[in-house]
Amino acid sequence: MNYVFPPAPQVVLSVVGSEAAFPVRRVYCVGRNYADHAAEMGADTREPPFFFSKPADALVPGGGDVVYPPMTGKLQHEIELVVALGKGGSDIAPENALACVFGYAVGLDLTRRDLQARAKEKGHPWDMAKGFDQSGPISALRPAAEVGHPVTGAIWLKVNGELQQSGDLSHMSWTVAEVIANLSTYVCLAPGDLIFTGTPAGVSTVVRGDILEGGVDGVGELKITLV
Ligand code: MN
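So, a few notes on the structure that sits alongside this text. This one's a predicted model, so the numbers in the text were calculated from it and none came from an experiment.

## Thoughts on the pattern of salt bridges
Thinking step 1. In this structure the tally under the stated criterion is five salt bridges.
Thinking step 2. R113 is the partner of E78 in a salt bridge, and the nearest nitrogen-oxygen pair spans 2.9 Å. Linking E78 in the loop between β7 (75-76) and β8 (79-85) with R113 in helix α3 (residues 113-122), this pair joins segments that are 35 residues apart in sequence.
Thinking step 3. Judged by relative accessible area, which is 5%, E78 ranks as buried.
Thinking step 4. Judged by relative accessible area, R113 falls into the buried class, the value being 7%.
Thinking step 5. Shared partners join several salt bridges into a network, and the residues in it are K54, E78, D109, R113 and K130.

## Digging into the coordination of the manganese ion
Thinking step 1. Looking at the metal site, the manganese ion is ligated by E78 (OE), E80 (OE) and D109 (OD), spaced 2.0 to 2.2 Å from it.
Thinking step 2. Here the donor residues of the manganese ion share one chain and are spaced in sequence as E-x1-E-x28-D.

## Looking at the sheet that holds strand β16 (residues 205-206)
Thinking step 1. What the three strands build is an open sheet, ordered β10-β7-β16; its pairing is antiparallel. In this open sheet, the two edge strands, each paired with only one partner strand, are β10 (111-112) and β16.

Criteria and thresholds
Residues numbered from 1 in each chain as written. Predicted model: local features only at pLDDT ≥ 70, side-chain atom pairs only at ≥ 80, totals over all residues. Heavy atoms only, no water. Salt bridge = Lys/Arg side-chain N within 4 Å of Asp/Glu carboxyl O. Helix = DSSP H or I, 4+ residues; strand = E, 2+ residues; numbered from the N terminus. Buried < 20%, exposed > 50% of the residue type's maximum accessible area, 1.4 Å probe, protein only. Donors = N, O, S within 2.8 Å, 3.2 Å for Na, K, Ca; no water. Pairing = 2+ DSSP bridges.

See the structure below:
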């Protein structure tokens, strides 16, 4: 195949304990999936899940230095459990959904909260609030074959060593299986798709120079520095 310019490189995540990398296809995110965060955003809980996307090349595999983005004065962190699919399909039944999961990672859904607030107010899309460059730092994947499917366990984030977000996976409004099943009614899911599953309360505004460290029990940890 001849291209008019070289195609962008495939975005990949490393897999703990494996030489083989995980090729990323699409990146979906769930809005407001923990009751305490929905409440701090002024929303009702247990509404049906809703989704938005980030471009795959917005991921920052392994974390590290992340450039503070332009066009915001209110950059906020959302620590999240990320599901990585090894199989896909449409209209997946909840009882079959976990069989589609390859593994899990820890992700940060970085958000330009001021742009998001303006978008909400005007009924505009969230893309520029959520899908900007380097908006998705993410850890290496842990295969479900090794760690199982975590349904309880701490999910936490520290800024400069101080605890800001502290929740538990058991507080998700919609379980991983329910999220996969619901999303698959809207789009045909495929191997390589990632789903950021929402964040607990405690989101806060960060600035250049801040060090963010987060984790999910049994899955891993992630650290970034805003530069
Ligand atoms: Mn989020």
